[in-house]
Structure formats: structure tokens, C-alpha cells
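Below are the chains, spelled out letter by letter.
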Amino acid sequence: MASMRDIKRRKESVQSTEQITKAMKLVSSVKLTKAKQNAEESKPYFDTMYETVAGMIAKSGQMSHPFLQKGKSDKKVVIVVSSNRGLAGGYNSNIVKLVSKDERFTPENTKIFSVGTKGRDALEHLGYEIVNDYSEAMNGPMYDDAIAVGKDVLSQFTMGNIGEIYLVYTIFKNTVVQIPTMVKLLPIDADDITSESEEAADPLERITLMNYEPAAEEALDAIVPKYINSLIFGGLTEAYASENGARMQAMDSATSNAEDMISDLSLRYNRARQASITQELTEIIAGASAIQ
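Residues numbered from 1 in each chain as written. Predicted model: local features only at pLDDT ≥ 70, side-chain atom pairs only at ≥ 80, totals over all residues. Heavy atoms only, no water.

Examining the overall build of the chain
Next up, step 1: Per the secondary structure count, the chain includes seven helices and five strands.
Next up, step 2: Listing each helix as α and each strand as β along the chain from the N terminus yields α-β-α-β-α-β-α-β-β-α-α-α.
Next up, step 3: Counting across all 292 residues of the chain, residues that qualify as buried make up 41%.
Next up, step 4: Pairs at least 24 apart in sequence give 76% of the contacts found in the chain among residues at least 6 apart. (Helix = DSSP H or I, 4+ residues; strand = E, 2+ residues; numbered from the N terminus. Buried < 20%, exposed > 50% of the residue type's maximum accessible area, 1.4 Å probe, protein only. Contact = heavy atoms within 4.5 Å.)

Given below as C-alpha cells:
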């Protein structure tokens, strides 16, 4: 049986940990409020941009454009959005698994553009090539960060170094549920977008082709980079909210576990103390009896 000193030392250690987890929970709670607001404010723009490009392509007929066709290279780029810090439950591991468990993405044919050190380190350990790192963006995502990432991946695509671009991030649903998600950015799959647009569109609109001024190719050259940037920014804001939600939930669970351990250790300490007092009384009574 552990001594009273050992139990007391263990209890003090757990109490110290509880103070840390409680403080981290409060910090994450404050950050989550702002992150959630930013994600909600950017989501309408995020959704509208996707719907706009989808509608354009769906109503453009058989358009030939580099952004709509797979590149000559078999290489793929995956923009992986994770966090710079741990203690967020399975948040980072779920993102890494989404890439590493997908048979399409092997270390030989996949390049990683990382936003967040945790995802970067894990994928680098698995043998993936880390081309660029934008981890500072996760300290507080800005639209300029999305522009920087979008510019780099688009240049790789237009130069023919890669054939496909994917975005992996976590959708924020609530503080308990965060959904790891993968989105294909380029090439834009015209068939899938057309079918989605046709399901949502009015029957009369389905047969109405879109007219462009200037030409359709020039319009896509101007719009698609903004489309890519908006999707990346939407992913960053969703991921930032998800990270703080996951960390708040993890720290809440850790604090509850610490409280249970402290309660258990307090009970064990009191029992050990009672046993010690009982033993001392027994020895005193036995000694007194022996003297008599």
C-alpha cells in the first residue's frame, strides 16, 4: 500500500495538472468565441463563391480550359490544415489519417503544402515531401494567408509540376463534433459540378447557356484564383474554430478526470491516515497494558 507521503505527492501533482488544463480550457473557450464568429461570417462568401463558379461551369457547355483538365503530371498536391499545438484530442491525427490512409496519396506521388506544424511533422515522418510550410497562418488565419497558399499551388499547377490539388481541413460543426474533410480544388470537375447544379437549378435555367464578356477562358482565368483562395480561406477559418473547439473539449475532459483522481486520492489519503492513527492508538494501548 502506498504511504501517506506518496499519496500526498501524487495528489499535489494532479492538482497542478488540473490548474493547467482548466486554464487551457478557458483560453480555448475565449479563442473559440472569436474563431466561431469569423467562420460564420466567412461561410456565406465561401458558399456563394462555390455556387457562382459551379453555375458558370454548368452553363458553359463543353468548355476547354486548363483549370478544368487534369495536368500532365501524376503528382498531387495536398494542402493540409492542422494546428501548431497539441493537446487537442484526435484533431490532428484525424487529419493525418485522412491523407495517409487514402490509397491515392502515397509518399511517391504526393507533395504536401502544410498549414500547421503538427500535420507537417507527422506526414514528414511518414515519408511525404513537404514543399512549403505556412504554419504561422494558424496563429490567426487571414485572407492574405489564403492568397499566399493559393498563389503557390496555382503556380505549381500552371507550370505542369502537379496534376491535381486537394485541400484537407476540419469542418466546425459544434464544440463536440468536428468533421475532417477533403476537397478537390483543381482540376474543377465539370461533370460533378454540372450534375449538382442541375439538381438545384430551376428547369428553365438548366437549358440556358451563359454568355461571357470577355471570353469564357479569360473570365475563368480571373475568377478561378479567387475561387481557390476563398475555398482555402474558408478551410482555414473552419479549421481554426475546430482546433479550439477540440482543445476546449479535450481540456474539459482532462479537468474532469483530474477532479476524479483528486477525489480518489483524497479518499485513499484519509484511509491511510485513519489506519496510521488506529495503529498508533493500538500500539499505545498495547504498551500501557504491558506496563500494567
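There is more to say, and it comes next.
What about the sheet that holds strand S4 (residues 164-172)?
Next up, step 1: Taken together, the five strands give an open sheet; going across it, the order is S3-S2-S1-S4-S5, and neighbouring strands pair in mixed fashion. Only two strands of the sheet have a single neighbouring strand rather than two, namely strand S3 (129-133) and strand S5 (178-186). Strand-to-strand, the axes of this sheet are offset by a mean angle of 25 degrees, without reference to chain direction.
Next up, step 2: One ladder, built from four bridges, connects strand S2 (residues 110-115) with S3; its direction is parallel. (Pairing = 2+ DSSP bridges. Axes fitted to C-alpha atoms, helices over the stretch in contact; angles between N-to-C directions.)

A look at the nonpolar core
As a rule of thumb, nonpolar side chains are buried together in soluble globular proteins.
Next up, step 1: Residues Ile 79, Ile 165 and Leu 186 are the most contacted members of the largest nonpolar core, which totals 46 residues.
Next up, step 2: Those elements that provide at least two residues to this core are helix H1 (4-58), strand S1 (76-81), S2, helix H4 (143-158), S4, S5 and helix H7 (216-291).
Next up, step 3: Sorting elements by how many residues they give to this core places H7 first, with 13 residues.
Next up, step 4: Setting aside anything within four residues of it in sequence, one finds Ile 165 in contact with Val 77, Ile 79, Val 153, Phe 157, Val 183, Lys 184, Leu 185 and Leu 186.
Next up, step 5: Core analysis: the next-biggest nonpolar cluster, separate from the first, contains eleven residues, Val 78, Val 96, Val 99 and Tyr 128 among them. (Core = buried A, V, L, I, M, F, W, Y, C linked by side-chain atoms within 4.5 Å.)

A short note on the packing of aromatic side chains
Next up, step 1: Here the structure, examined in full by the defined rule, presents three aromatic pairs.
Next up, step 2: Ring centres of Tyr 143 and Phe 233 lie 5.4 Å apart, and the angle between their planes is 80 degrees; this geometry places the pair in the edge-to-face category. Placement of the pair is Tyr 143 in helix H4 and Phe 233 in helix H7, with a sequence separation of 90 residues.
Next up, step 3: Residue classification places Tyr 143 among the partly exposed residues on the basis of a relative accessible area of 28%. (Phe/Tyr/Trp six-rings, centres within 6.5 Å; stacked < 30°, edge-to-face > 60°.)

Points about the side chain of Glu 18
Next up, step 1: By secondary structure assignment, the location of Glu 18 is in helix H1.
Next up, step 2: In this structure, Glu 18 is in contact with Thr 255, Ala 258, Glu 259 and Ile 262, ignoring residues within four places of it in sequence.

Brief notes about the packing of helix H2 (residues 91-100) against helix H3 (residues 117-125)
Next up, step 1: For the pair H2 and H3, interaxial distance at closest approach is 9 Å and the crossing angle is 45 degrees. Of the possible angle classes, the one that applies to H2 and H3 is oblique. In the packing of H2 onto H3, the handedness of the crossing is right-handed. Contacts from Asn 92, Val 96 and Val 99 in H2 reach Lys 118, Gly 119, Ala 122 and Leu 123 in H3. (Parallel < 35°, antiparallel > 145°, perpendicular 65-115°, else oblique. Left-handed = near helix turned anticlockwise from the far one by under 90°.)

Quick look at the pairing of S2
Next up, step 1: Burial within S2 is extensive, with six of its six residues counted as buried.
Next up, step 2: In S2, alternate side chains face the same way, and those of Thr 110, Ile 112 and Ser 114 on one face and Lys 111, Phe 113 and Val 115 on the other are all buried.
Next up, step 3: Inspection of the sheet shows S1 paired to S2 by six bridges, in the parallel sense. Bridge pairing links Val 81 to Val 115 in S2.
Next up, step 4: Assessed by its sense of winding, the connection that carries the chain from S1 through H2 to S2 is right-handed.
Next up, step 5: Where the polypeptide runs from S2 across H3 and back to S3, its parallel neighbour, the crossover connection is right-handed. (Right-handed = clockwise from strand over helix to strand, strands pointing away.)

As for the pattern of salt bridges
Next up, step 1: In total, this model carries eight salt bridges according to the counting rule given.
Next up, step 2: Notably, a salt bridge pairs Lys 25 with Asp 252, separated by 2.7 Å at the nearest N-O pair. Taken together, the residues span a long stretch of sequence, with Lys 25 in helix H1 and Asp 252 in helix H7 at a distance of 227 residues.
Next up, step 3: Where salt bridges share partners, they join Arg 120, Asp 121 and Asp 133 into one cluster. (Salt bridge = Lys/Arg side-chain N within 4 Å of Asp/Glu carboxyl O.)

Overview of a nonpolar patch on the surface
Next up, step 1: A surface patch of nonpolar side chains, amounting to about 400 Å² of accessible area, comprises Ile 277, Leu 281, Ile 284 and Ile 285.
Next up, step 2: Along the chain, Leu 281 turns up in helix H7.
Next up, step 3: Residue Leu 281 is classed as partly exposed on the basis of its relative accessible area of 48%. (Patch = residues over 30% accessible without salt bridge, like charges linked within 9 Å, V, L, I, M, F, W, Y side chains within 5 Å. Areas by Shrake-Rupley, 256 points an atom, 1.4 Å probe, with all protein chains shown as cover.)

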